[in-house]
Amino acid sequence: MDEKNRIDTLNNIKIFTGNSNRALVKRVCDYLSIPVGNATVGRFPDGEIDVKVNEDVRGSDIFIIQPTCPPVNDNLTELLILIDCFKRASSARVTAVLPYYGYARKDRKDEGRVPITAKLVANLITKAGADRLLTMDLHAAQIQGFFDIPVDHLLAFPVISDYYRKKDLSNFVVVSPDVGGIKIARLYSNHLNIRLAVVDKRRYGPAETDVGFVIGDVEGRNAIIIDDLIATGGSICQAARVLKEKGAKDIYVGATHPVLCGAAAEKLANAPIKEIAVTDTIPLNEHAKSLGEKIKVLTVSNLLGEAIKRIHTNTSISSMFTEQ
Ligand code: R5P
């Protein structure tokens, strides 16, 4: 515990969670030197979610930390019920803290008869009674606009870039695995003072396989691929293979959210990747643990804790990323 981060508990800040990532929540509370709030989030015999808050929260500034990672529907429903519970218990303010915002990839109607689930989730969180949202590395920053309550959007880049800064970066290049990730990759490139490259995937007709091009010079260089999340591992593994074809040397990955579903861990184990740095927004599943030393988990607990402290004390959050 760090005394300088201590928040006077008389200020009435309380942090609660469901079951999605209790280890992260404990680390955030350690940063702030406050205990994890006492609530029971269990199940009725028929599987419905049963919530009981076991301490007085009247007039408190409540933060519910609950990434909506797999099992996404359970974790989302726990979050909604917790929000409802705290509103009905007369807390002063409820901030939903989603270190990982699930359903984010369904953020637009790109064909007929499909939902915009990222917006539906925003509606659910707001309607349940959240006063604010704190989140990290949204799949698309525009999702903030789905909310009519204040949203603070954190980036894990200080944590991941600090990790890679410890390597000798004299022969490195930062790579975005697709055109959509250029903005965030450029942030790393500027911060680490190394060049930027982009993998450009194209599919020539439905029967053709994907062809990968690289914009930028990677030959003879080590590469760090930066992405917001690894789900099936398809994007990262394909980008790694394209980079190898173009002559890159060792390939590293920095990704905020290790969703790692299905056979992702196996794919990553067999891909030409030396090391994968992810964060603890999501707990590693059992399959991912099989990656052993190839995967490094960095904690974002201090970033989240600091942001919570600043929301509570009405101080700037954006300066956390400009004070680097
Ligand atoms: C794409 O736009 C995203 O940034 C990720 O690259 C992608 O969603 C990762 O998914 P997967 O691991 O299934 O390829």
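Asks: So what about the overall build of the protein? Which residues, and what values?
Replies: Counting its secondary structure elements, the protein contains ten helices and 14 strands. Relative to the globule expectation of 20 Å for 324 residues, the C-alpha radius of gyration of the protein, 20 Å, shows essentially globular dimensions. Taking the principal axes of the C-alpha coordinates as reference, the protein spans close to 60 × 50 × 35 Å. When the 324 residues of the protein are sorted by exposure, 53% land in the buried category.

Asks: Account for the domain arrangement of the protein, with residues named and values stated.
Replies: When the parts of a complex come together, some accessible area is lost, and that lost area is often taken as the interface size. Looking at the assigned domains, one finds that the protein contains domain 1 (3-156 + 301-322) and domain 2 (157-298). Taking the mean C-alpha position of each, domain 1 and domain 2 sit 28 Å from one another. Counting residues at the interface gives 19 residues for domain 1, matched by 18 residues for domain 2. For the pair domain 1 and domain 2, the summed buried area comes to about 1400 Å², and 63% of that belongs to carbon and sulfur atoms. It is Tyr100, Asp137 and Ala156 that lose the most area in domain 1 upon contact with domain 2, and together they represent 37% of the buried surface on that side. Linking domain 1 with domain 2 are one salt bridge. Between Asp280 and Arg27 there is a salt bridge, with its nearest N and O atoms 3.1 Å apart. For the pair domain 1 and domain 2, the interface holds ten residue pairs in polar contact (both at pLDDT 80 or more). Contributing elements (two or more residues each) for the side of domain 1 that touches domain 2: helix H1 (22-32) and helix H9 (301-312). Looking at the side of domain 1 that touches domain 2, its residues break down into twelve nonpolar, four polar and three charged.

Criteria and thresholds
The residue numbering used here restarts from 1 in each chain and proceeds along that chain's sequence as written. Owing to the predicted nature of the model, reporting of local features is limited to residues with pLDDT of at least 70; listing and counting of side-chain atom pairs is limited to 80 or more, with chain, interface and lining totals taken over all residues. To get the side-chain values, take all heavy atoms of the structure and skip hydrogens and water. Numbering of helices and strands starts at the N terminus; helices are DSSP runs of H or I of at least 4 residues and strands are runs of E of at least 2. Radius of gyration means the value over C-alpha atoms here, while the globule rule gives 2.2 Å times the residue count to the 0.38 power. For each residue, the accessible area found with a 1.4 Å probe, counting protein chains only, is set against the maximum for its type, and the residue is called buried under 20%, exposed over 50%, and partly exposed in between. Throughout, the edges of the domains are those of an automatic or database domain assignment. Contact criterion: two residues are considered in contact whenever any of their non-hydrogen atoms come within 4.5 Å of each other. In short, buried area is how much 1.4 Å probe accessible area vanishes from two parts on joining, totalled over both. The working definition used for a salt bridge is a side-chain nitrogen of Lys or Arg within 4 Å of a carboxyl oxygen of Asp or Glu. Residues adjacent in sequence count toward polar contacts only when both atoms are side-chain atoms; beyond that, a polar contact is any pair of N or O atoms within 3.5 Å, and within protein one must be able to donate a hydrogen and the other to accept it. Polar here means any residue outside two lists: the nonpolar Ala, Val, Leu, Ile, Met, Phe, Trp, Tyr, Cys and Pro, and the charged Asp, Glu, Lys and Arg; Gly therefore counts as polar.

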